[in-house]
Structure formats: C-alpha cells, structure tokens
Amino acid sequence: MTWITRAKNTWCPGCGNFAIEHALKDVLTDLAEEGRRAEDFVLVSGIGCHAKIADYLAVNSFYAIHGRTLPVAAGIKLANPGLTVIACAGDGDAYAEGLDHLVFAAKRNQDITVIIHDNRVYGLTTGQYTPTSYEGFRGRSTPGGIRERPINPVALMLASGATFVARTYTRKRDHLREVLTAAVLHRGFSFVDVLQVCATYNNLTEYYDDRVYLLEGHDTADLTGAMGKAREWDYSTDAPIALGIFYEEEAPANPWTAMGGIGKDERERTIRTILKEKT
Ligand code: SF4
C-alpha cells in the first residue's frame, strides 16, 4: 500500500507539516499491518497549510471549511462508528474559528483523534498571529507585536474533559509517531498538540530544541498532576516544555445514537419526507 499520493507537494522546504505527514503515514502503515483496512480510515482537514495533508495521504479525506474540521469529523463518526476518524487542524483553524467545536468535542468524548498542526502562525495567509502566538509576536497584522497572552491548548483540553491529551514536536520524529499511534488507538476523544515548525513565518526551531523534554515518571491518570505539567509552560514565556501524554482516561464515549444504525430504507424515507416538507 502506498500511503503518499502523487500530488505535487507545495509546502515550503523545512516545514513541519512533512514530519506530521510522514508520522501519520507510519501510523497508518503499522495499523494496516495489524489488519486495519485503508478504507476504514477517514482524514478530515481544515483550511490552512496543514490542510493539504488531505491531498498528500492516500486515504479517504474531506476538506472542511475554516474552523469546521470537528463537526465534519463528528458527523462522519456518527454516520459510521466503524470508521477510524482523524481530524487534522491548524492552530488558527481549531483555536480561533473552531474553538467551540473543539471544546464540545472534548466534552462529548466522541471517538475521534484530533491532531493540531500548531505552528502558532497563519502561514497560508503569510504570517498573522494566532491564539497560540507568543506575546510580542510581530506578524503581518501586528507589526508592533501582539499584547495578548496566548491560550494554553493543553490546559484548555484538560479542563474541557478530553480523555487523551498529549503534546509532541515535529523534530522529535519517533516521539511524534508514538504519540500519534497512542492517540489513534485511544477509544474516546484524543487530542494532540503538535508543536510544528513554520520554516517561513515562525521558525522556533532553536527555541523548542533548547527547551523541550520528554515527560517521564508522570502519572497519566492524575488530572491535577497533568494540569500542573500543562501549566509549566504558558506558550509565551521561557520555561521547560514537556512533551508526552499528559492525561489518559477510559470513559464512556459519545452519548449520541449512531445514524449508521438506521436501515437504508428508513433513512431514504426520512430524507424524502424532509425534502418534501421543504418544497
Ligand atoms: S508557510 Fe509555514 S506552515 Fe505553510 S508551508 Fe510554509 S513553512 Fe509550512
């Protein structure tokens, strides 16, 4: 199975998106070797540089509109719970336009995996600040430097009830692959904030390389401890940056009834009735 398509890749050289694409390819390869079929995976992406991953990976995919990656992923899972649904979103996509969807998906604990390509800048539109850009960041729309503090998405997801919360980094390839595998295998809502280098508009390679460390001896069942680790670095000021699984919990998944349980005839009858009422 060839997981990389022949579509022309237009990401900038050095972009962290490549690492995420290849880590995800490795995860899909491993799972396929264990018996999962390629057609059992669905990849949903949003709008932004990250979204082109839907063109580059050879799985069924859907480009959602800006900020709406999660409602689409949730709808797919609801329609067919047998699918493994992976949503890729950018930090602007998920933490600005799509923030309410992200919080509610975590609250609902639907069995989908969300991978945030968090380069902390709007790369596709040439460098505006996003909710995770650091205080003082000078972008195209903020030449004087932003005066807001960034949000901390790891702490936010812990507070929202996500049952799998992790952070990794595009230059830690093995770690990225391990964390993405665990996220996809987790039953329930899994969230991974990937610190991604944007080589062109926000190259934080040196900053990250100097500060990241792997969580060791951390109890992933301890929510309070996870919150403490999550708040160690606030996405702005200097501090060690923990990478790893902060929190993991088995909990009942999505309380909504799957539409896939409705028979074809009944579904068609319902759709016909709805359409008739609208005409
Ligand atoms: S602008 Fe940044 S995020 Fe977009 S492709 Fe280039 S390096 Fe990657």
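All chains use their own residue numbering, which begins from 1 and follows the written sequence. Whole-chain, interface and lining totals are the exception, using all residues; otherwise, since this is a predicted model, local features are given only for residues with pLDDT of at least 70 and side-chain atom pairs are given and counted only at 80 or more. Side-chain measures here rest on the full set of heavy atoms in the structure, leaving out hydrogens and waters.

Student: Explain the nonpolar core to me, please; I cannot follow it from the model alone.
Tutor: Soluble, globular proteins show a tendency: their nonpolar side chains are buried together. Ranked by size, the top nonpolar core spans 44 residues in total, and within it Leu102, Met157, Phe189, Phe191, Leu195, Tyr208 and Trp233 carry the most contacts. The next biggest cluster of nonpolar side chains, apart from the first, holds 29 residues, and it includes Leu24, Tyr56, Val59 and Val184. To form a nonpolar core, buried Ala, Val, Leu, Ile, Met, Phe, Trp, Tyr and Cys residues must be joined to one another through side-chain atoms within 4.5 Å. The buried label goes to any residue with under 20% of its type's maximum accessible area, the exposed label to any with over 50%, and the partly exposed label to all in between, with areas taken from a 1.4 Å probe on protein chains only.

Student: Whenever I open this one, the packing of helix α6 (residues 153-160) against helix α9 (residues 223-230) confuses me. Can you help?
Tutor: A pair of packed helices is characterised by two quantities: the angle between their axes and the separation of those axes. Two elements in contact, α6 and α9, have axes separated by 9 Å at closest approach and are oriented at 160°. The angle between α6 and α9 falls in the class roughly antiparallel. Of the two elements, α6 crosses α9, and the hand of that crossing is left-handed. Touching Val154, Ala155, Leu158 and Ala159 of α6 are Leu223, Ala226, Met227 and Ala230, all from α9. When residues are grouped by polarity, Ala, Val, Leu, Ile, Met, Phe, Trp, Tyr, Cys and Pro land in nonpolar, Asp, Glu, Lys and Arg in charged, and all others, Gly among them, in polar. A per-class count over the contact of α6 with α9 returns eight nonpolar, no polar and no charged. Each axis is a line fitted through C-alpha atoms, taken for helices only over the stretch in contact, and angles between the N-to-C directions span 0 to 180 degrees. Each helix is a run of H or I in the DSSP string that is no shorter than four residues. Each strand is a run of E no shorter than two, and both are numbered from the N terminus. Angle categories: roughly parallel below 35 degrees, roughly antiparallel above 145, roughly perpendicular from 65 to 115, and oblique for all the rest. Crossing handedness is defined as follows: a turn of the near helix away from the far one that is anticlockwise and smaller than a right angle gives a left-handed crossing, while the clockwise case is right-handed. Contact definition: two residues touch when any of their heavy atoms are within 4.5 Å.

Student: Please explain the pairing of strand β8 (residues 241-248) as it appears in this structure.
Tutor: Regular strands place side chains that alternate from one sheet face to the opposite one. Among the eight residues in β8, six count as buried, and that is most of the element. By definition, two strands form a pair when at least two bridges between them are found by DSSP. With four bridges connecting them, strand β5 (residues 164-169) and β8 associate as antiparallel partners. When the bridges of β8 are listed, Arg167 appears paired with Gly244. As judged from the three bridges shared by strand β7 (residues 212-214) and β8, these two strands associate in the parallel manner. Across the sheet, Leu214 pairs through a bridge with Leu243, a residue of β8.

Student: Looking at this structure, how should I read the environment of Leu215?
Tutor: When you line up the elements, Leu215 lands in the loop between β7 and α9. Note: C-alpha distance between Leu215 and Lys229 (14 residues apart in sequence) is 8.9 Å. When near neighbours in sequence (up to four residues on either side) are disregarded, Leu215 contacts Lys229, Ala242, Leu243, Gly244, Ile245 and Phe246.

Student: Would you mind going over the pattern of salt bridges with me for this structure?
Tutor: Side-chain pairing between opposite charges can occur once the charged atoms of the two side chains come close. Any Lys or Arg side-chain nitrogen located within 4 Å of an Asp or Glu carboxyl oxygen qualifies as a salt bridge. Scanning the model with the defined rule gives ten salt bridges in all. As a salt-bridge pair, Asp40 and Arg37 come within 2.9 Å of each other at their nearest N and O atoms. A salt bridge links Glu232 to Lys229, with the nearest nitrogen and oxygen atoms 3.1 Å apart. On the basis of relative accessibility, which here comes to 25%, the residue Lys229 falls in the partly exposed class. Three or more residues are tied together by salt bridges with common partners; here these are Lys25, Asp26, Asp30 and Arg177.

Student: Help me out: how do you make sense of α6 in this one?
Tutor: A turn of α-helix holds 3.6 residues, and therefore any two residues three or four places apart point the same way. Of all eight residues in α6, six are buried, a share of seventy percent or more. Sitting at the amino-terminal end of α6 is Asn152, which places a side-chain oxygen 3.2 Å from the backbone nitrogen of Val154. Immediately beyond the C-terminal end of α6, within one or two residues, lies Gly161, with a positive phi of roughly 100°. Counted as a polar contact is a pair of N or O atoms within 3.5 Å, where, for protein atoms, one must be capable of donating a hydrogen and the other of accepting one, and residues adjacent in sequence contribute only when both atoms are in side chains.

Student: What am I meant to see in helix α7 (residues 173-185) here?
Tutor: One less than the number of residues in a helix, times 1.5 Å, gives the span that helix is expected to have. Between the first and last C-alpha of α7 there are 18 Å, a value that for 13 residues agrees with the 18 Å anticipated at 1.5 Å per step. Three or more residues of α7 are buried, namely His175, Leu176, Val179, Leu180, Thr181, Ala183 and Val184.

Student: I keep staring at the packing of helix α5 (residues 99-108) against α6 and nothing clicks. Help me out?
Tutor: Two numbers describe how α5 lies on α6: the axes approach to 8 Å, and their chain directions differ by 45°. On the basis of their axis angle, the class for α5 and α6 is oblique. Touching Leu99, Leu102, Val103, Ala106 and Lys107 of α5 are Leu156, Met157 and Ser160, all from α6. Its residues assigned to classes, the contact of α5 with α6 shows six nonpolar, one polar and one charged.

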